[in-house]
Amino acid sequence: MNFARSVRISPFSLIQVERRLPVPGDVLVRPGETVDPAQTIAKAEIRGWVCLDVAKELRVKEGELERFLRKKPGEKVEAGEELASRKGFLPFTFVSYASPVSGRVAAIGMGTVILETTSEVLELKAGLKGTVSQIIPYYGAILESRGALIEGVWCNGREKAGILKVVGDKNSPLSAESIQTSARGFIVAGGIIKDEAVLSRAAEVQVGGMIAGSLKASLRDKASAMPYPIILTEGFGEIPMSTPAFELLQTSEGYEVALIASPPSIIISIAEELLTPPRPGERKIGLKVKVVRGPHRGLFGEVLESTRREMVLESGHIVPSALVRLENGQEVELPIFNLEAIES
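Caption draft 1: Highlighting the packing of aromatic side chains. Throughout the structure, instances matching the rule amount to 1 aromatic pair. Between Trp154 and Phe236, the aromatic rings sit 5.3 Å apart at their centres with planes inclined by 65°, giving edge-to-face as the arrangement. Note that Trp154 is positioned in strand E14 (residues 154-155) and Phe236 in strand E18 (residues 230-236), a separation of 82 residues in sequence. There is no split in this pair, since Trp154 and Phe236 are both buried.

Caption draft 2: Structural context of the environment of Ser99. In this structure, Ser99 sits in the loop between strand E8 (95-98) and strand E9 (103-109). Expressed as a C-alpha distance, the spacing of Ser99 and Ala84, which sit 15 residues apart in the sequence, is 8.6 Å. Leaving out residues up to four positions away in the same chain, Ser99 has contacts with Leu52, Val77, Glu78, Ala79, Gly80, Glu81, Leu83 and Leu115. Separated by 2.6 Å, the side chain of Ser99 and the backbone oxygen of Val101 make a polar contact.

Caption draft 3: Spatial organisation of the nonpolar core. Residues Val54, Leu58, Leu83, Val113 and Ile267 are the most contacted members of the largest nonpolar core, which totals 39 residues. With 4 residues, strand E4 (residues 40-46) is the single largest residue contributor to this core. Setting aside residues no more than four positions away along its own chain, Leu83 makes contact with Leu52, Val54, Leu69, Arg70, Lys71, Val77, Tyr97, Ala98, Ser99, Val105 and Val113.

Caption draft 4: Geometry of helix H2 (residues 196-205). Residues Val198, Leu199, Ala202 and Val205 constitute the buried set of H2. Looking straight down H2, one finds its buried side chains confined to an arc of 130°; they lie on one side. Summarising the contacts, the buried residues of H2 are in contact with strand E16 (187-193), strand E17 (209-215), helix H3 (220-224) and E18. After H2 finishes, the residue Gln206 shows a positive phi value of roughly 70°.

Caption draft 5: Layout of the sheet that holds strand E5 (residues 49-52). Taken in spatial order, the 4 strands make up an open sheet running E5-E10-E9-E6, and their pairing is antiparallel. The open sheet terminates on both sides in strands that have one partner only, identified here as E5 and strand E6 (76-77). Pairing geometry for E6 and E9, over 2 bridges, is antiparallel. Note that in E9 the partner of Val77 across the bridge is Gly103.

Caption draft 6: Spotlight on the side chain of Ser85. Checked against the element boundaries, Ser85 lands in strand E7 (residues 82-86). Exposure remark for Ser85: the relative accessible area of 9% places this residue in the buried category.

Caption draft 7: Broad picture of the confidence of the model for the protein. Summarising the model, the protein shows a mean pLDDT of 85, and 88% of its residues fall at 70 or more. Between residues 1-6, whose pLDDT stays under 50, and residues either more than four places distant or in other chains, the model counts 6 contacts. Here residues 275-283 is modelled with pLDDT under 50, and outside its nearest four sequence neighbours on either side it reaches 12 contacts, counting other chains as well.

Caption draft 8: Up close: the pairing of strand E15 (residues 160-166). Relative to strand E19 (residues 256-260), E15 is paired through 4 bridges, and the arrangement is antiparallel. Considered in E19, the bridge of Gly162 is made with Val257. Looking at chain direction, E15 and E16 are connected through 3 bridges and run parallel. From the neighbouring strand, Val166 faces E16, where its bridge partner is Ala189.

Caption draft 9: Layout of the pairing of E17. Counting buried residues in E17 gives 7 out of 7 residues, a clear majority hidden from the surface. Sheet topology places E16 next to E17; 6 bridges connect them, and they run parallel. From the neighbouring strand, Val188 faces E17, where its bridge partner is Met210. Chirality of the crossover, the property in question, places the unit of E16, H2 and E17 among those that are right-handed.

Caption draft 10: Layout of the environment of Lys125. If you trace the backbone, Lys125 turns up in strand E11 (residues 120-125). Here Lys125 falls in the partly exposed class, since its relative accessible area comes to 33%. In the structure, Lys125 is positioned 15 residues away from Gly140 in sequence and 9.7 Å away in space, judged by C-alpha atoms. Dropping the residues within four chain positions of it, Lys125 is found in contact with Arg19, Pro37, Ala38, Gln39, Thr40 and Ile41.

How each quantity is defined
- Residues numbered from 1 in each chain as written.
- Predicted model: local features only at pLDDT ≥ 70, side-chain atom pairs only at ≥ 80, totals over all residues.
- Heavy atoms only, no water.
- Phe/Tyr/Trp six-rings, centres within 6.5 Å; stacked < 30°, edge-to-face > 60°.
- Helix = DSSP H or I, 4+ residues; strand = E, 2+ residues; numbered from the N terminus.
- Buried < 20%, exposed > 50% of the residue type's maximum accessible area, 1.4 Å probe, protein only.
- Contact = heavy atoms within 4.5 Å.
- Polar contact = N/O pair within 3.5 Å; in protein donor to acceptor, adjacent residues only side chain to side chain.
- Core = buried A, V, L, I, M, F, W, Y, C linked by side-chain atoms within 4.5 Å.
- Arc of directions from axis to C-beta.
- Pairing = 2+ DSSP bridges.
- pLDDT = per-residue confidence, 0-100.
- Right-handed = clockwise from strand over helix to strand, strands pointing away.

Structure representation (structure tokens):
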């Protein structure tokens, strides 16, 4: 059976993300270099005109582009504002394209939109913690990271990294009261956004970003205008977040997550010490760890085996695990998402 879109949810992956400028510029990193989310990896000076291949991004024919545009010639568009969108038969087939720069729509033709811009320096951030795998000359780089991955189906074009905080369940609408002042700077996650007050409250608190299963369709423009990134895992309407996605977010609460706009992705960083298989002659036995979530939260322990283990969660996902002797003497098998390596 063929599906319109395949959404990937992986508790542990080698993740590759292509990060590129919309116009040629200077690449500032080298292969093998370690990068942080806020690090600038490429930059370009934009002078006067930018040609955007919008038809290719929306996957439509060149001659059909104009009916999908939300801006007409002569109108202004801000960086990050939706420039074009295409609806599908199903919520998860919706495709949106945000302008990478501010400017005025000067012309439309042959599947492209030409923007007249003021001179500015466009900086491309890494967006996630990882390693430079490959350079894309003049445009950017392919970054690699190890961790958990949830592919979204829509985002508002913004990006951010921060600590994950789950503020609701997967089935219920989020309330404004669920987003407390303590969520400032956190990436908050919940089930359904159906109240405009939730979006406004998140902006007032200054959350780092928001992950939800779905968004009421009438709130799409409001969500697009929010100053923080929003990623939907299911689409528009009142659709609960899928159990595998929500369970993975619950298990990963307290970890750093990166919200990537293109393609919409949620990348959860995991301590390298807990993931990397031992090299020949090296052993991980005795690695000190702290349990940071679950029924044993707050206890310290040490890893008992050097062999790679896996366990099955209730959702059926197979995740990396470790056999740990806790400080109370109990030996338990725990998902590595529940552990934090203690440096000696």
